[in-house]
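# Observations on the three-dimensional arrangement
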Amino acid sequence: MAGFLDKNAPSPEAEYSRYLDGDILGKILTKNFLINRAGYRFENIFVPVGRYGDAETKYLDPGQVVVDPGDGYIETEIGKVTFEIKCARINIANRDKGKVAENWAFNNILTSPGKTKKKYDLLIAIGVDLLGLENARYWEHLQNRKNKLQESGRSFSLETQAHQVDFLDICSFFIIPFSEINKNYFRVTLSAISKSLYCQNLASGSDSERCMAVWKGALGELAKAHEAIQ
């Protein structure tokens, strides 16, 4: 069956993934990463489901102490770690001027759109290897990604959903301690990803060992910072 609204979609399941809100997509992928790449249990991860957080739960811990955990928090071996989530599909800057370079852009990292300063432990910035909603080549691009992954022995399909482990194969994760971020915005050109400012904080979702190493490295930096404060 073709898509329900999009006649070019291979199925309604694939269509749902394309039109999933980026904020919710990022939250789903973060939990997927933390369970299937960082190795945490489901119950150790707290991610409010509301678009701007659920005030009744987001700002109160079990002891009824007011906190602001960013987009969520996780109980780790070094204690509670709060995180901000940014999720970007591929876009092309200055397309109207003939530019073709594909990139991921992450905004409002240090402050909100209203210029309120943020404070959290880790930034989880997720680059998803899917074209933006405005791109007519979306399904062609996804089919090409599926073919390449299946040729390499992976089981990705057009119907793979964001909560499933196979979806991580088309994602890249930047895990960056808050203290290392000096700009409110950064852009990553896919063709020059190895030259990214935060390349040392980057792991392909298909590389389990690298994901674990980057996550552990970020926790190590947090632990050092906490020790320095004490």
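The present account deals with the structure reproduced in this document. (Residues numbered from 1 in each chain as written. Predicted model: local features only at pLDDT ≥ 70, side-chain atom pairs only at ≥ 80, totals over all residues. Heavy atoms only, no water.)

## A word on the nonpolar core
This is how the line gets drawn: The criterion is simple. A nonpolar core is a set of buried Ala, Val, Leu, Ile, Met, Phe, Trp, Tyr and Cys residues joined through side-chain atoms within 4.5 Å. The cut-offs for exposure are 20% and 50% of the maximum accessible area for each residue type, with area from a 1.4 Å probe on protein chains only; residues under the lower value are buried, those over the upper are exposed, and the others partly exposed. Should any heavy atoms of two residues lie within 4.5 Å, those residues are considered in contact.
Core analysis: the largest hydrophobic core is formed by 56 residues, its most contacted members being Phe167, Phe186 and Trp215. In this structure phenylalanine 167 touches Leu25, Leu29, Val128, Leu130, Phe156, Thr160, Gln161 and Ala162, once residues within four positions along its chain are discounted.

## Concerning the state of the cysteines
Heads up, the condition is: Defined by distance alone, a disulfide is two cysteine sulfur atoms within 2.5 Å.
Taken as a whole and assessed by the stated rule, the structure comprises zero disulfides. With no disulfide of its own, cysteine 87 has cysteine 171 as its nearest cysteine by sulfur position, at a separation of 7.1 Å. Given a relative accessible area of 23%, cysteine 87 falls into the partly exposed group. Here cysteine 211 is not cross-linked by a disulfide; its sulfur's nearest cysteine counterpart is in cysteine 171, at 9.6 Å. By relative accessible area, which is 0% here, cysteine 211 ends up buried.

## Overview of the packing of aromatic side chains
To keep it simple, the criterion reads: Aromatic rings from Phe, Tyr and Trp, taking only the six-membered ring of Trp, are treated as a pair when their centres fall within 6.5 Å; an angle between ring planes under 30 degrees marks them as stacked, one over 60 as edge-to-face, and anything in between as tilted. Helix and strand definitions follow DSSP, with helices as H or I runs of at least four residues and strands as E runs of at least two, each counted in order from the N terminus. Only when the NZ of Lys or the CZ of Arg is both within 6 Å of the ring centre and within 35 degrees of the ring normal is a charge said to sit over the ring.
Here the structure, examined in full by the defined rule, presents 11 aromatic pairs. Ring centres of phenylalanine 174 and phenylalanine 186 lie 5.7 Å apart, and the angle between their planes is 75°; this geometry places the pair in the edge-to-face category. Of this pair, phenylalanine 174 sits in strand E6 (residues 171-177) while phenylalanine 186 sits in strand E7 (residues 186-189), and the two are 12 residues apart along the sequence. Note on phenylalanine 174: relative accessible area 0%, which makes it buried. Through a chain of ring-to-ring contacts, three or more aromatic side chains come together here, namely Phe33, Tyr40, Phe173 and Trp215. Sitting above the plane of the phenylalanine 42 ring, lysine 31 keeps its charged end 3.7 Å from the centroid. Here lysine 80 stacks its cationic end above the ring of tyrosine 73, 4.3 Å away from the centre of that ring.

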